[in-house]
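Structure at a glance
As a plain string of letters, each chain reads:
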Amino acid sequence: MKTVLITGAAGGIGTRLRSLLKGVYPRLILSDREPAANLGADEEFIQADLSDMAQVTALLDGVDGVIHLGGRSIEDEWEVIHAANIVGCHNLFEAARLNGTKRVVFASSNHAIGFYPRHRRITVDDKVRPDSRYGVSKAFGEALGSFYAEKFGLGVLSIRIGNIDDYPVDERRLSIWVSPRDLVQLIRIGLEHPDLRYQIVWGASDNARAWWDNEPAYRLGYRPEDRAEDHRDRALAAEAERTPNAVADYFQGGDFCAIDFDGPHPDQVA
Ligand SMILES: NC(=O)c1ccc[n+]([C@@H]2O[C@H](COP(=O)([O-])OP(=O)(O)OC[C@H]3O[C@@H](n4cnc5c(N)ncnc54)[C@H](O)[C@@H]3O)[C@@H](O)[C@H]2O)c1
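The structure contained in this document is the topic of the report that follows. (Residues numbered from 1 in each chain as written. Predicted model: local features only at pLDDT ≥ 70, side-chain atom pairs only at ≥ 80, totals over all residues. Heavy atoms only, no water.)

This brings us to the overall build of the chain. For the chain, the count of helices and strands is 9 helices and 9 strands. For 270 residues, the compact-globule estimate of 2.2 N^0.38 gives 18 Å, and the C-alpha radius of gyration of the chain, at 18 Å, lies within 12% of that figure. Considering only C-alpha atoms, the chain reaches an extent of 50 × 35 × 35 Å along its principal axes. For the chain, contacts bridging at least 24 residues in sequence account for 67% of all contacts bridging at least 6. Summing over all exposed atoms, the chain offers an accessible surface of approximately 12200 Å²; the carbon and sulfur share of this is 48%. One finds the centroid of the 31 positive side-chain charges in the chain at a distance of 4 Å from the centroid of its 41 negative side-chain charges. (Helix = DSSP H or I, 4+ residues; strand = E, 2+ residues; numbered from the N terminus. Rg over C-alpha atoms; globule rule 2.2 N^0.38 Å. Contact = heavy atoms within 4.5 Å. Areas by Shrake-Rupley, 256 points an atom, 1.4 Å probe, with all protein chains shown as cover. Lys, Arg positive; Asp, Glu negative; His and termini not counted. Charge placed at Lys NZ, Arg CZ, Asp CG, Glu CD.)

Written out as structure tokens, the structure reads:
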């Protein structure tokens, strides 16, 4: 990987990656629809809207690998999700194909499977159960990644990110937390592992309360350095301050499941 592009580089994860990946690849291009704050003189930034194919095609020129973070990162109206995460994601993969890009690491989300109840332990082979329009768009991005890998030979890693933060902020996050350095390790597997074609992995640290079997990541050499349980007391203290919600607290997707929820009583869901 000589030239690596980060989309969504002005956002929360992108801002962390800017420093964590500094010097790892010879050329790191940052891109976002919005200007990035506090750009250093040694940082390269290109402003581009993912929903505009001409801009995305120009952006991917000469790029070997992409860390695709750009898009709407929470639930929203369909028009917003559609422009950023459906059209934008398709533009990204298509421009990667046209430019001969070798690798795409796609920032998927636990919300692609959010309607699994918390008592179910699942693998990446279990079917998607999106908990939001946002989650549907992430399932779409995973399908696009698989299509571009199998049809056109792109190497693609979809990382179903749980929640990235300095530490898990409540009880749910004890199951799904990923530390910044563990996420970087997964991203680097996606960009550099010689045998990758298409794979989904869980973007999670070494969490004793995990609902997810991350064997595919371990098979690719992932060795998380951080454990949610080391922060248990702080997370459970914060949990005690939360207002309980029967729907959010039953499903893996948490609050996203409760938005507009009009389904059967959670206890009746398998
Ligand atoms: N933060 C998490 O814990 C988490 C968990 C699961 C998945 N993810 C995914 O990881 C990625 C990054 O998350 P984040 O927390 O940094 O989100 P964020 O909202 O902070 O950053 C997303 C960035 O994408 C940019 N963007 C939105 N629409 C765009 C467009 N049309 N063209 C170009 N740029 C556009 C935004 O300006 C923003 O800077 C997202 O795809 C998100 O869905 C994050």
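Of all hydrophobic cores here, the largest spans 32 residues; its most connected members are Leu60, Phe93 and Trp212. Secondary structure elements with two or more residues in this core: helix H2 (53–59), helix H3 (78–98), strand E5 (103–109), helix H4 (133–152) and strand E9 (198–203). By residue number, the principal contributor to this core is H3, which donates 5 residues. In contact with Phe93, other than residues within four places in its own chain, are Val104, Phe106, Gly141, Leu144, Gly145, Tyr148, Leu154 and Val156. (Core = buried A, V, L, I, M, F, W, Y, C linked by side-chain atoms within 4.5 Å. Buried < 20%, exposed > 50% of the residue type's maximum accessible area, 1.4 Å probe, protein only.)

A word on H3. In this model, H3 (21 residues) spans 28 Å end to end at C-alpha, consistent with the 30 Å of a helix rising 1.5 Å per residue. Along H3, the sharpest change in direction is near 30° and occurs at Gly88. Here H3 has its buried residues at Ile81, Ala84, Asn85, Ile86, Gly88, Cys89, Asn91, Leu92, Phe93, Glu94, Ala95 and Ala96. Elements in contact with the buried residues of H3: strand E1 (3–7), H2, strand E4 (65–68), E5, H4 and strand E6 (155–161). Following H3 by one or two positions, Gly100 adopts a phi angle in the positive range, close to 70°. (Expected span 1.5 Å × (residues − 1). Bend = angle between axes of the 7 residues up to and from the residue.)

Glancing now at the pairing of E5. Counting buried positions along E5 yields 7 of 7 residues, so the element is predominantly enclosed. The alternating pattern of E5 places Arg103, Val105, Ala107 and Ser109 and Val104, Phe106 and Ser108 on opposite faces, both of which are buried. In this sheet, E5 lies alongside E4 in parallel orientation, the contact comprising 4 bridges. Looking at the pairing, His68 lines up with Phe106 of E5. Running through H3, the crossover from E4 to the neighbouring parallel element E5 is right-handed. Pairing between E5 and E6: 7 bridges, direction parallel. Considered in E6, the bridge of Ser109 is made with Ile161. For the crossover that starts at E5, traverses H4 and ends in the parallel E6, the hand is right-handed. (Pairing = 2+ DSSP bridges. Right-handed = clockwise from strand over helix to strand, strands pointing away.)

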